[in-house]
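Summary of structural features
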Amino acid sequence: MGSNGRRSARRRKGLGNWRLIRFADDFVVMVAGERRHAEELRPQVEAVLAPLGLRLSPEKTRVASIDEGFDFLSFNIRRQRKRGTSKYYVYTRPSRKAIQAVKDKVKARTCRPTRHMAPDEVITSLNRLLAGWANYHRHGVSKAVFSAIDSHAWSRLMRWLRGKYSHGNHKIGMPELRRRFCGKGWQFAYNGVVLTGASSVKVTRYRYRGSNIPTPWTTGPAAAPSG
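On a predicted model such as this, the values are computed, not experimentally measured, just so you know. (Residues numbered from 1 in each chain as written. Predicted model: local features only at pLDDT ≥ 70, side-chain atom pairs only at ≥ 80, totals over all residues. Heavy atoms only, no water.)

Along helix α7 (residues 174–181), the positions that sit buried rather than exposed are Glu176, Leu177 and Phe181. Seen along its axis, α7 keeps its buried residues to an arc of 100°; they face one direction. Projecting away from the buried face of α7 at angles above 90 degrees are the exposed residues Pro175 and Arg179. Packed against the buried residues of α7 are α5 (119–137), α6 (143–165) and β6 (189–190). (Buried < 20%, exposed > 50% of the residue type's maximum accessible area, 1.4 Å probe, protein only. Helix = DSSP H or I, 4+ residues; strand = E, 2+ residues; numbered from the N terminus. Arc of directions from axis to C-beta. Contact = heavy atoms within 4.5 Å.)

What follows covers the nonpolar core. Leu130, Trp133, Leu157, Leu161 and Phe188 are the most contacted members of the largest nonpolar core, which totals 29 residues. Residue contributions to this core peak at nine residues, all from α6. Not counting residues within four places of it along the chain, the set of residues in contact with Leu130 comprises Val102, Val106, Ile149, Asp150, Ala153, Gly197 and Ala198. Counting five residues, the second largest nonpolar core, distinct from the first, contains Val28, Ile66, Phe70 and Ile77. (Core = buried A, V, L, I, M, F, W, Y, C linked by side-chain atoms within 4.5 Å.)

What follows covers the packing of aromatic side chains. Throughout the structure, instances matching the rule amount to six aromatic pairs. Measuring from ring centre to ring centre gives 6.0 Å for Trp133 and Phe146, while their planes differ by 65°; the resulting arrangement is edge-to-face. Taken together, the positions of Trp133 in helix α5 and Phe146 in helix α6 put the pair 13 residues apart, joining distant regions of the chain. Considered together, Trp133 and Phe146 belong to a single accessibility category, that of buried residues. Put simply, the rings of Trp154, Trp186 and Phe188 pair up and form one aromatic cluster. Arg93 extends its terminal NZ or CZ atom over the ring of Tyr91, reaching a point 4.7 Å from the ring centre. Positioned above the aromatic ring of Tyr165, the side-chain terminus of Arg180 is 4.9 Å from the ring centre. (Phe/Tyr/Trp six-rings, centres within 6.5 Å; stacked < 30°, edge-to-face > 60°. Lys NZ or Arg CZ within 6 Å of the ring centre and 35° of its normal.)

Following this line, the structure appears as structure tokens:
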């Protein structure tokens with residue numbers, strides 16, 4: 001019987017179904033059923049982990065409804081109603097913790113102690129940071145988040161430039177700032193280096209690989225040794 005047939009049989013018996021999503025030693029067991037079905041899997045999960053020398057972390061292990069949502073590998077996964085419709089979909093977005101973490105790094109690279117650096121150095125540093133962060137999160141529903149992160153970076157860089165080039169009674173205003181440090185529109189640029197940010201990374205959907213990913217344990221009879 002195939003996996004779909006086994007799932008159908010379990011549903012007819014009133015049992016829950018599950019799917020395993022994992023990355024290194026982090027994993028989520030997705031259960032199609034009730035909370036009690038998920039709780040009943042805990043001893044089975046512990047039994048699978050034990051031979052690998054692993055155990056569940058009480059601090060990180062919890063049962064949550066998909067409508068409540070949960071964080072996994074810097075993403076928040078939650079079922080929500082699509083705006084303007086009555087249909088519900090599961091959305092995967094960068095988590096609040098991940099967003100705050102990258103904002104803190106942007107702040108650290110545009111704070112007062114970095115004002116000795118040249119603008120193109122700071123812009124290059126921000127581009128590398130934001131592109132790397134966005135590349136990791138590009139498989140989620142991340143376009144709006146990328147734009148928000150870029151707006152934050154733009155504001156921080158604007159304050160950094162005004163702080164660096166304002167001296168005594170001379171406070172650099174926005175018109176001067178735009179004339180000296182912006183290329184097309186309000187896009188910051190210096191010595192040919194342009195602030196491209198997270199939005200330079202294209203959002204793409206993740207290709208599900210399912211059982212093509214090898215597991216560290218066997219689920220069937222061991223293969224006979226070759227002669």
